[in-house]
Amino acid sequence: MTTVTDFKEAGFDSLFDELKWRGLIAQCTDEDELKQLLQGQPVTYYCGFDPTAASLHVGNLVQLLNMRHLQAAGHHPIALVGGATGLIGDPRQSGERTLNPKETVAAWAQELKSQIGRFLQTEGSNPVRFVSNYEWTGSMSVIDFLRDVGKNFRMGTMLAKDTVARRLNSEEGISFTEFSYQVLQGNDFLELFDRYQCVLQLGGNDQWGNLTSGLDLIRKVRGKAVQVMTSPLITDAQGKKFGKSEGNAVWLNPDMFSPYRFYQFWFNQADNQVVKLLKTFTFLSKAEIERLEQEVENNPGAREAQRVLAWEVTSFVHGEQAAQGAVDASGALFGRGALSDLDEQTLAGALQGLKVDDGKGGRAFARAQAGDRLVDAAVQAGLFSSVSEARKTIKSGGVYMNNERVSDFGQTLQEGDFLQGRFVLVRRGKKALGALERQ
Ligand SMILES: N[C@@H](Cc1ccc(O)cc1)C(=O)O
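It should be emphasised that the depicted structure is a prediction, and the values quoted were computed from it without experimental measurement.

1. Here's the deal with the pairing of strand 14 (residues 423-428)
- With five of its six residues buried, strand 14 lies for the most part within the structure.
- As judged from the three bridges shared by strand 12 (residues 399-401) and strand 14, these two strands associate in the antiparallel manner. Looking across to strand 14, one finds that Met401 is bridged to Val426.
- Bridge count between strand 14 and strand 15 (residues 432-438): six bridges; the pairing is antiparallel. Bridged to Arg427 within strand 15 is Leu433.
- Hairpin connection from strand 14 to strand 15: three residues lie between these consecutive antiparallel strands, with Gly429 at a positive phi of about 65°.

Have a look at this one:
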């Protein structure tokens, strides 16, 4: 893991100031009280993650970074996995969720737990503590739930929560199941307060209603004031949810989104976004980020800020070795390094984005075998719309196979052309890449 500095080394007077500067705080119960809490004796805080997929995505990374900053300052993190809430479904604007099978949710919960463990310190004086709300929710009877928990919640308050109100006013409405979600999350906070003196809950800004549900509950039944803090929902240059395109998320699991694509995702960020992202997604000091900001001004073509951003986030999430693999692959794919040096895993990861439509609604590598004509292969790989177009481009010297310029348009693929015995890389001009996998 990349070294994480505490707020002093990063150039700030307090942890609160650092989080503010990094754009990690959207709303909190009370700024002065939060500042005091973070500056005082170590406290216990928690953040929950629902197993709604097999992996976390870049949106969740913001919470993990917040948790990491607090941990670096000496506070005690609890990472809650929603073994119970994942079975119910937090109401979202787009409509009612489909319920996932219990075994699936349990398996995803395990995955999330091991992912989270890689971003937080698991040893030392304030290691992360893992809990699942299934522990106290799974075996609760309906009678106990309604008598002991439900009695403390008022319908008016529940109906007024943003997420609920919006759904109530939508055509689809909201089920009793999703409506009850806030009670479960509220009860989690109380449980963690009782068990571990947990006094602060973190979450994305869309969680405000759920966070305050626990805060109100603790005030009501224990007479104690706790705090909540949300982080802004990160959006891209178009104002859309960050890292989500056409229903596709930027996953943190390397099998679902390769480190190479992950690196490229950060490297391709626009100049007007990169500084904001450096602040939020890296642990670099204020001084270093200000220097990179100057570089964006003075020498945008060099893309140093993007390179540093991609390196920092990729090595934090996937480790330095995978980040180095992504850097090597970026060079090699575009002819600035030896393709044959890439191991099979790095190569396969780097080529992942070059899959083509498989005709069945999915994506797959175009297939080829020794003896196939290169022009046909290049069309298959999606680089040309016709063989004649491919021929013409070869004649004008614009086609490369494994980074070697192709001069003969009748050329066929040879056994030895398959990198790692598996892939052939075809390039059109400087930028357009295509890949073929051995049949
Ligand atoms: N509701 C949170 C996850 C969560 C679940 C239970 C909690 O106690 C806290 C948080 C989310 O959807 O992101």
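2. A look at the layout of surface pockets
- The calculated volume of the second largest pocket comes to roughly 730 Å³.
- Taken together, 26 residues form the lining of the second largest pocket, with Asn248, Phe257, Arg261, Gln352 and Gly353 sitting closest to its centre.
- At the level of secondary structure, the elements contributing two or more residues to the lining of the second largest pocket comprise strand 7 (244-245), strand 8 (248-249) and helix 12 (259-267).
- If one sorts the elements of the lining of the second largest pocket by residue count, helix 12 sits on top with four residues.
- A class-by-class count of the residues in the lining of the second largest pocket yields twelve nonpolar, nine polar and five charged.

3. Description of the site of the ligand
- Taken together, 13 residues form the shell around the ligand, and within it Tyr46, Asp90, Tyr181, Gln185 and Asp188 come nearest.
- A distance of 2.5 Å separates an oxygen atom of the ligand from a polar side-chain atom of Asp188.
- Here Gln207 contributes a side-chain N or O atom positioned 3.0 Å from a nitrogen atom of the ligand.
- Here the ligand has 340 Å² of accessible area as a free molecule, and 86% of this is covered by the chains.
- Elements supplying a minimum of two residues to the shell around the ligand: strand 2 (44-49) and helix 10 (181-196).
- Broken down by element, the shell around the ligand gets its largest block of residues, three residues, from helix 10.

4. Thoughts on the pattern of salt bridges
- With the rule as written, the count across this model stands at 19 salt bridges.
- Arg367 is the partner of Glu437 in a salt bridge, and the nearest nitrogen-oxygen pair spans 3.6 Å. Taken together, the residues Glu437 in strand 15 and Arg367 in strand 11 (residues 366-368) connect sequence positions 70 residues apart.
- On the basis of relative accessible area, Glu437 is assigned to the buried category, the value being 12%.
- The class of Arg367 is partly exposed, set by a relative accessible area of 41%.
- Residues Glu389 and Arg428 are paired through a salt bridge, measuring 3.2 Å at the closest nitrogen-oxygen approach. Residue Glu389 is found in helix 19 (residues 387-395), and its partner Arg428 is found in strand 14; the two are separated by 39 residues along the sequence.
- For Glu389, a relative accessible area of 23% translates into the label partly exposed.
- Residue class for Arg428 comes out partly exposed when judged on its relative accessible area of 28%.
- Via salt bridges that share partners, Glu344, Arg367, Arg422 and Glu437 belong to a single interconnected network.

5. Some remarks on the environment of Ser170
- Mapped onto the elements of the fold, Ser170 is located in the loop between helix 8 (162-168) and helix 9 (176-179).
- According to the relative accessible area criterion, Ser170 is partly exposed, its value standing at 28%.
- C-alpha separation for the pair Ser170 and Asn402, spaced 232 residues apart in sequence, amounts to 54 Å.

6. Description of the domain arrangement of the chain
- The domain architecture assigned to the chain consists of domain 1 (15-235) and domain 2 (351-439).
- Put simply, the middle of domain 1 and the middle of domain 2, counted by C-alpha atoms, are 48 Å apart.

7. Comments concerning the nonpolar core
- Core analysis: the biggest nonpolar cluster contains 92 residues, and Leu61, Trp266 and Phe281 have the highest contact counts within it.
- Dropping the residues within four chain positions of it, Leu61 is found in contact with Phe119, Leu252, Phe281, Val313, Phe316 and Val317.
- Judged by nonpolar contacts, the second largest core, of 20 residues, contains Ala378, Ala381, Met401 and Val406.

8. Notes on empty space enclosed by the protein
- Per the counting criterion, the structure on display carries one cavity of 30 Å³ or more.
- Estimates place the volume of the largest cavity at around 30 Å³.
- In terms of lining, the largest cavity is formed by Asp271, Glu295, Val296, Asn299, Pro300, Arg303, Glu304, Ala305 and Gln306.
- When residues of the lining of the largest cavity are assigned to their parent elements, the largest contribution, three residues, is made by helix 15 (residues 304-318).
- Residue classes in the lining of the largest cavity are distributed as three nonpolar, two polar and four charged.

9. Considering the side chain of Glu178
- Considering the arrangement of structural elements, one finds Glu178 in helix 9.
- Accessibility expressed as a relative area gives 1% for Glu178, which makes it buried.
- A polar atom in the side chain of Glu178 sits 2.8 Å from the backbone nitrogen of Arg97.
- Among the polar contacts made by the side chain of Glu178, one reaches the side chain of Arg167 at a distance of 3.0 Å.
- Leave out the neighbours within four places in its chain, and Glu178 touches Ile88, Gly89, Pro91, Arg92, Glu96, Arg97 and Arg167.

Rules and cut-offs
- For every chain, the first residue of the written sequence is number 1, and numbering continues from 1 along that sequence.
- Since the coordinates come from a predicted model, pLDDT governs what is reported: local features require at least 70, and pairs of side-chain atoms require 80 or more to be given and counted, while whole-chain, interface and lining totals use all residues.
- Hydrogens are left out, water is left out, and the side-chain values use all remaining heavy atoms of the structure.
- Each residue gets one of three labels from its accessible area relative to the maximum for its type: buried under 20%, exposed over 50%, partly exposed in between, using a 1.4 Å probe on protein chains only.
- Numbering of helices and strands runs from the N terminus; a helix is a DSSP stretch of H or I covering at least four residues, while a strand is a stretch of E covering at least two.
- When DSSP finds at least two bridges between two strands, those strands are taken to pair.
- Using protein atoms alone on a 1 Å grid, points that fit a 1.4 Å probe yet trap it form a cavity, whereas open point sets bounded by protein on both sides within 12 Å along at least five of seven lines form a pocket; residues with an atom within 4 Å of a point count as lining.
- Grid points are joined across faces, edges and corners, and a volume is the space filled by probe spheres set on the points.
- Only Asp, Glu, Lys and Arg are considered charged, only Ala, Val, Leu, Ile, Met, Phe, Trp, Tyr, Cys and Pro nonpolar, and every remaining residue, Gly among them, polar.
- To be near a molecule or strand, a residue needs just one of its heavy atoms within 4 Å of it.
- A 3.5 Å cut-off defines polar contacts: any pair of N or O atoms within that distance qualifies, except that in protein one atom must be a possible hydrogen donor and the other a possible acceptor, and neighbouring residues in sequence count only when both atoms are side-chain atoms.
- Residue-level accessible areas treat just the shown protein chains as cover; the underlying method is Shrake-Rupley with a 1.4 Å probe.
- When a carboxyl oxygen of Asp or Glu lies within 4 Å of a side-chain nitrogen of Lys or Arg, that pair is called a salt bridge.
- Domains are outlined according to an automatic or database domain assignment.
- Definition used in this section: a nonpolar core is a set of buried Ala, Val, Leu, Ile, Met, Phe, Trp, Tyr and Cys residues joined via side-chain atoms within 4.5 Å.
- Throughout, a residue-residue contact means that at least one pair of heavy atoms, one from each residue, lies within 4.5 Å.

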